Amino acid sequence: MPRKPATSRTPAETKAVPAPLVDFESLAAEQLRTAPIDGLFAGDDREREHFEGGDAGAIDLTGCSFLECRFTGVTLTDADLRGSRFIETAFEAPFAHTLKAARTTWRDVRIRSPRWGSAEFFDADLESVHLVGGKIDYLNLRGSRLNNVIFEECTITDLDLGAARAGRVALVNCRIGTLDVTRASCSSVDLRTSEFQAVHGVEGLAGTIVDDLQLSQFAPLFAEHLGVRVEG
C-alpha cells in the first residue's frame, strides 16, 4: 500500500486523540556502575548498572530483573531472556539475530536504534515503552499487553500483534511491511503518519485511528471482510 510522504506530526498534534504517556529519562552512564554483560546469570537481580558492549549470546538470562540499568551496544543473539523484567532501563543500539524475550516485562523503558532479526516478545507486558529508530525484521508481540507504547521512525518488516491487547499505542512515522492484528483488541491505537504494505486480520483494526488516505487503502480489505462486492 503506497503511502504519502510521512510528516513530522505526532498523534497528539494531528487530532485530539489520547496520546501514549511515556515519561522516562534514563540515568547517565557516569551515574551507573560498569558491569560485564557476560557476567550475568539466570535469576540475576541488577540495579543501576551499565552494560557496554559485549556478547551475551546463548547465555541463560531467564527470570532476571534490571532496575535503572543501561545497555549500550550489547549483542543478545539467542540469549534467553524469558520471564525477565526491565524497569526504568535504557537500551542503545542493541543487536540480535534472534531475541528470545517471551513473557518479559518492560516498564518505563526506552530502546534506541535496535537491529533485531526475529524478536520474540510474545505474551510480554509493555508499559510506558518508547522504541525509536532501528530496523526489525520480525517483531512478534502475539498475545502481549501494550499500554502507553510508542514506535517512532522505525522500520519493521513484519509486526505481529495477533491476539494482543493494545491501549494508547502510537506508530509515528514508521515503515511497516505487514501488520497482523488478527484477534487483537485495540483502543486508541494511532496508525496515522505510518505506512503499511499489507494488513492481516482486518477485524482487529477496530479501535485504531487511521487517516483519510489509509481509510481508502484499507477499504478493499473492509469490503472483503464484510462480503461486499464493488462493481462498476
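For the structure itself, consult the block above.
Criteria and cut-off values
- Residues numbered from 1 in each chain as written.
- Predicted model: local features only at pLDDT ≥ 70, side-chain atom pairs only at ≥ 80, totals over all residues.
- Heavy atoms only, no water.
- Helix = DSSP H or I, 4+ residues; strand = E, 2+ residues; numbered from the N terminus.
- Contact = heavy atoms within 4.5 Å.
- Areas by Shrake-Rupley, 256 points an atom, 1.4 Å probe, with all protein chains shown as cover.
- Phe/Tyr/Trp six-rings, centres within 6.5 Å; stacked < 30°, edge-to-face > 60°.
- Buried < 20%, exposed > 50% of the residue type's maximum accessible area, 1.4 Å probe, protein only.
- Pairing = 2+ DSSP bridges.
- Axes fitted to C-alpha atoms, helices over the stretch in contact; angles between N-to-C directions.
- Core = buried A, V, L, I, M, F, W, Y, C linked by side-chain atoms within 4.5 Å.
- 1 Å grid on protein atoms, 1.4 Å probe; cavity = no way out; pocket = protein on both sides within 12 Å on 5 of 7 lines; lining within 4 Å.
- Points joined across faces, edges and corners; volume = space filled by probe spheres on them.
- Nonpolar A, V, L, I, M, F, W, Y, C, P; charged D, E, K, R; others polar.

Colleague: Kindly report on the overall build of the chain, identifying the contributing residues and their values.
Modeller: Scanning the chain from N- to C-terminus turns up two helices and 18 strands. Sequence separation of at least 24 residues holds for 14% of the intrachain contacts in the chain that already meet a minimum separation of 6. For the chain, the exposed area adds up to about 10,600 Å²; of that, 50% sits on carbon and sulfur atoms.

Colleague: I'd like a rundown of the packing of aromatic side chains, residues and numbers included.
Modeller: As enumerated under the stated definition, the model contains 11 aromatic pairs in all. Judged by centre distance (5.3 Å) and plane angle (40°), the ring pair of Trp-106 and Phe-121 falls under tilted. Of the two residues, Trp-106 sits in strand S8 (residues 105-112) while Phe-121 sits in the loop between strand S9 (115-120) and strand S10 (125-132), which places them 15 residues apart along the sequence. On the basis of relative accessibility, which here comes to 3%, the residue Trp-106 falls in the buried class.

Colleague: Run through the sheet that holds strand S7 (residues 95-100), naming residues and quoting values.
Modeller: Taken in spatial order, the six strands of this open sheet run S7-S9-S11-S13-S15-S17, and their pairing is parallel. Edge positions in the open sheet fall to S7 and strand S17 (195-200), since each of these has one partner strand only. This sheet shows a mean twist of 5° between the axes of neighbouring strands, independent of strand direction. For strand S15 (residues 175-180) and S17, the ladder comprises five bridges, and the chain directions are parallel. Bridge assignment links Thr-178 to a residue of S17, and that residue is Ala-198.

Colleague: Break down the environment of Gly-177 for me, citing the residues and quoting the values.
Modeller: Inspection of the secondary structure assignment puts Gly-177 in strand S15. Distance in space between the C-alpha atoms of Gly-177 and Phe-196 is 5.5 Å, their sequence separation being 19 residues. Contact partners of Gly-177, with chain neighbours within four places excluded, come to Ile-156, Thr-157, Phe-196, Gln-197 and Ala-198.

Colleague: I'd love a proper account of the nonpolar core, names of residues and values included.
Modeller: Ranked by size, the top nonpolar core spans 57 residues in total, and within it Trp-106, Phe-121, Leu-146 and Phe-151 carry the most contacts. Dropping the residues within four chain positions of it, Trp-106 is found in contact with Phe-86, Phe-91, Ala-101, Ile-111, Phe-121, Asp-125, Leu-126, Glu-127 and Val-129.

Colleague: Could you give an account of empty space enclosed by the protein, naming the residues involved and the relevant values?
Modeller: Taken as a whole and judged by the stated rule, the model has four cavities of 30 Å³ or more. Trp-106, Ile-111, Trp-116, Phe-121, Leu-126, Val-129, Leu-131, Leu-139, Leu-141, Val-149, Ile-150 and Phe-151 are the residues that line the largest cavity. When its residues are assigned to classes, the lining of the largest cavity shows 12 nonpolar, no polar and no charged. Its volume calculated, the second largest cavity comes out at about 40 Å³. Around the second largest cavity, the lining residues are Ile-37, Leu-40, Leu-61, Phe-66, Phe-71, Leu-76, Leu-81, Phe-86 and Phe-91.

Colleague: Summarise the environment of Ala-206; cite the residues concerned and give the values.
Modeller: Relative to the helices and strands, Ala-206 resides in the loop between S17 and strand S18 (208-209). Using a relative accessible area of 51% as the deciding quantity, one classes Ala-206 as exposed. Taking the C-alpha atoms as reference points, Ala-206 and Ser-185, separated by 21 residues in sequence, lie 7.6 Å from one another.

Colleague: Can you tell me about unusual backbone geometry, naming the residues and giving the values?
Modeller: The phi dihedral of Asp-108 falls on the positive side, at around 55°, and the residue is not glycine. Position of Asp-108 relative to the elements: it lies in strand S8. Residues other than glycine seldom take positive phi values, yet Ser-188 does so here, at roughly 55°. By the secondary structure assignment, Ser-188 is in strand S16 (residues 185-190).

Colleague: Describe the pairing of strand S14 (residues 165-172), naming the residues involved and giving the relevant values.
Modeller: Along S14, six of the eight residues are buried, which leaves the element largely enclosed by surrounding structure. Of the pairings in the sheet, the one linking strand S12 (residues 145-152) to S14 comprises seven bridges and is parallel in character. Across the sheet, Glu-152 pairs through a bridge with Val-172, a residue of S14. Here five bridges tie S14 to S16, and the two strands are oriented parallel to one another. Looking across to S16, one finds that Gly-167 is bridged to Ser-187.

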